[in-house]
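# Notes for the structure review
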Amino acid sequence: MLIGSEILTSAQMRAIESDAIGSGAVTGLALMEQAGAAAAALIQQATPSPKDVIVLCGPGNNGGDGYVVARHLHDAGWSVRVLGMDNTPGADAAHMKDMWLKRGQIRPLSDAQLMCEPPANIYVDAIFGTGLTRKVAGDLHRILLRLGGRNDDAERYSGRIYAIDCISGLDLDSGQMPGWSSEHMQHAPRANMTVAFHRPKPGHLLRPGCLLTGDLQIVDIGLPETKGTVSPAPPLQAIWPQFPFSRSQVRPAIAQRLAKSPLDHKFRHGHALVIAGGAEHAGAARLAARAALRIGAGLVTICPPSQAMPEHNTTPDALMRHPVDDTQELQDLLADPRITAICIGPGCGIARATALLPAILAAGRPCLLDADALTALSRDRSLFARLHEKCVMTPHEGEFSRLFPNIAAKQGRGPTDQLTPTPSRIDMLRMAAHQSNAVTLLKGPDTVIAAPTGACYIHTALDVPWLATAGSGDTLAGIATGLLARSLPATDAAALAALIHASAARKFGPGLIADDLPEQIPAILQMLLT
Ligand SMILES: NC(=O)C1=CN([C@@H]2O[C@H](COP(=O)(O)OP(=O)(O)OC[C@H]3O[C@@H](n4cnc5c(N)ncnc54)[C@H](O)[C@@H]3O)[C@@H](O)[C@H]2O)[C@@H](O)CC1
Ligand SMILES: Nc1ncnc2c1ncn2[C@@H]1O[C@H](COP(=O)(O)OP(=O)(O)O)[C@@H](O)[C@H]1O
Ligand SMILES: [K+]
């Protein structure tokens, strides 16, 4: 498995916190002090000279953190104004509020008050965190819309918001803003930076939450290490760009498989077949084949129909070519046990994918299903029953909705007042992987990968929007196929492919076209293997 950061749900985080407090290992007050002090330090680092700040404190412990931030910034010489609430907060937050009151006053947390305040350089959002129980309404909603720039004072807040734990109103389990219409979402506040505690939560990494989170900083607040011990939930992990991308992120067994030993020969690194289609889409299959070669598959053979063979008489010369016109020819080819993975979909054509899929699935080998193969599957449901746990499907959202209409229908019912109004992308992917019995990777800036076992990764690629270019998905399919050919387990192949794909885009930068992606792989392998 890749080593990602463990992701905790709000309930898991609360359980860890109360266990730690219950066991006497920490006090709630100490956790709050650590949380607020760390947030204040990061805010100071982000804006080095003493500044003018307004801290918005809500009724619970998130507000308590806000009072700690206010105190630390005040003590560091900042000019601090606090807007807070009358409600009696919990004992820890009440204590922190009292500590602040020894230094300054608290004006009401109201939209009218915020509007009257002279502008500040920085605004700290400590209204709600993990304790959100319902949609934010009334005056607090108006405050959030103002911070998001709905009023004519938008420039006051733009680029100046620092969130404690999350932008207030965000459901940290789903990444959604419950009760926010799409019109309101245009004015949801966006943080420059979010300081969150102990572990990332799903809502920090899933859209739209990740778009409101800004630079996500996870700080240690003295809770005991829990990695892998939050049971019985299946593991949920984040792969995100803040991690240095290095060998240490990949378990030794995987790194070993990626390396090539002096005693190995090419067949030890697998033989991948890439099924190609008609001449007009030949490039898609070749992109996948090139990526499979670059990731180190020992051999890659592209299999077009014989009439399209001339289209493939081009580079890379390392690529082998073998015509496949029908199921029998494919079965003859698959009689060779040294073929260790098959890619079908990119540039294949739906009719050809429908015809060849039964033989590919019957072979029981690792296989990657993308593009036209996914459309074929969604049109012929009988093929679904033949999927197996060595299959990886890589749909984008449109393909996902066609493949899993029952799951997609649970989405997009419009805003509701309840928390977690519709299944999150994590829930959807877990359902899809369970239903199909195949590893499923839903593409996007917040790619989610789920295994039939329930193990799940969120891969964040928000920083590489130039991946949205024709053929980029074909390259991802090729990387994953190459990893499957090299005998990586399907979930690892899918997650590592997403990581290598985004790393390649990161390395190349803007101006990227899909052809550039495979060419970045050697340097990425170098980083991984040394
Ligand atoms: N869990 C932990 O380990 C730690 C949590 N800390 C902080 O505590 C926060 C969680 O604190 P709480 O559980 O008190 O929750 P919050 O402070 O997020 O909010 C809870 C309060 O808001 C009210 N509320 C919830 N939704 C509302 C809505 N839509 N409109 C109006 N009122 C609403 C609740 O009735 C309650 O009074 C975290 O986000 C974090 O900032 C930190 O102090 C450090 C440690
Ligand atoms: N805005 C974005 N930010 C980061 N990655 C993106 C973005 N849009 C798309 N991607 C990634 O680019 C790839 C596009 O795949 P796909 O839609 O199948 O394109 P194509 O069919 O042209 O190959 C996917 O890996 C997806 O995760
Ligand atoms: K907040």
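If you check an unreviewed UniProt entry, the chain appears there as Bifunctional NAD(P)H-hydrate repair enzyme from Paracoccus onchidii. The heading Subunit (unreviewed entry) in the UniProt record of the chain holds the text "Homotetramer."

## Thoughts on helix α6 (residues 138-147)
Looking only at α6, the buried set comprises L140, I143, L144, L145 and L147. The positive-phi residue at the C-terminal boundary of α6 is G149, with phi of around 90 degrees.

## A short note on the packing of helix α13 (residues 350-362) against helix α14 (residues 371-379)
Direction vectors running N to C along α13 and α14 enclose 70 degrees, while the axes themselves pass 8 Å from each other. In terms of axis orientation, α13 runs roughly perpendicular to α14. Seen from α13, the contacting residues are I350, A353, T354 and L357; seen from α14, they are D372, A373, T375 and A376.

## Overview of the site of ligand 1
Taken together, 27 residues lie around ligand 1, and E17, G60, N61, G129 and G131 are the ones closest in. Contributions of two or more residues to the shell around ligand 1 are made by α1 (10-22), α2 (28-46) and α3 (61-75). Classifying every residue of the shell around ligand 1 gives 11 nonpolar, 10 polar and 6 charged.

## Quick word on the domain arrangement of the chain
Partitioning the chain into structural domains gives domain 1 (5-230) and domain 2 (247-410 + 421-529). Centre-to-centre separation of domain 1 and domain 2, based on C-alpha positions: 40 Å. Grouping the amino acids of the side of domain 1 that touches domain 2 by side-chain chemistry returns 6 nonpolar, 3 polar and 2 charged.

## Digging into the pairing of strand β3 (residues 79-84)
Pairing of strand β2 (residues 52-57) with β3, which is carried by 5 bridges, proceeds in the parallel orientation. Among the inter-strand pairings, I54 is bridged to a residue of β3, identified as R81. Handedness of the crossover is the feature at issue here: the chain leaves β2, passes through α3, returns alongside β3, and the resulting connection is right-handed. With 3 bridges connecting them, β3 and strand β4 (residues 106-108) associate as parallel partners. Across the sheet, L83 pairs through a bridge with R107, a residue of β4.

Analysis parameters
Residues numbered from 1 in each chain as written. Chains lettered and ligands numbered in written order. Predicted model: local features only at pLDDT ≥ 70, side-chain atom pairs only at ≥ 80, totals over all residues. UniProt positions renumbered as here; feature names shortened; annotations may be inferred. Buried ≥ 20, exposed ≤ 12 C-beta atoms within 10 Å, placed from the backbone. Helix = DSSP H or I, 4+ residues; strand = E, 2+ residues; numbered from the N terminus. Axes fitted to C-alpha atoms, helices over the stretch in contact; angles between N-to-C directions. Parallel < 35°, antiparallel > 145°, perpendicular 65-115°, else oblique. Contact = placed C-beta atoms within 7 Å. Near = placed C-beta within 6 Å. Nonpolar A, V, L, I, M, F, W, Y, C, P; charged D, E, K, R; others polar. Domains from an automatic or database assignment. Pairing = 2+ DSSP bridges. Right-handed = clockwise from strand over helix to strand, strands pointing away.

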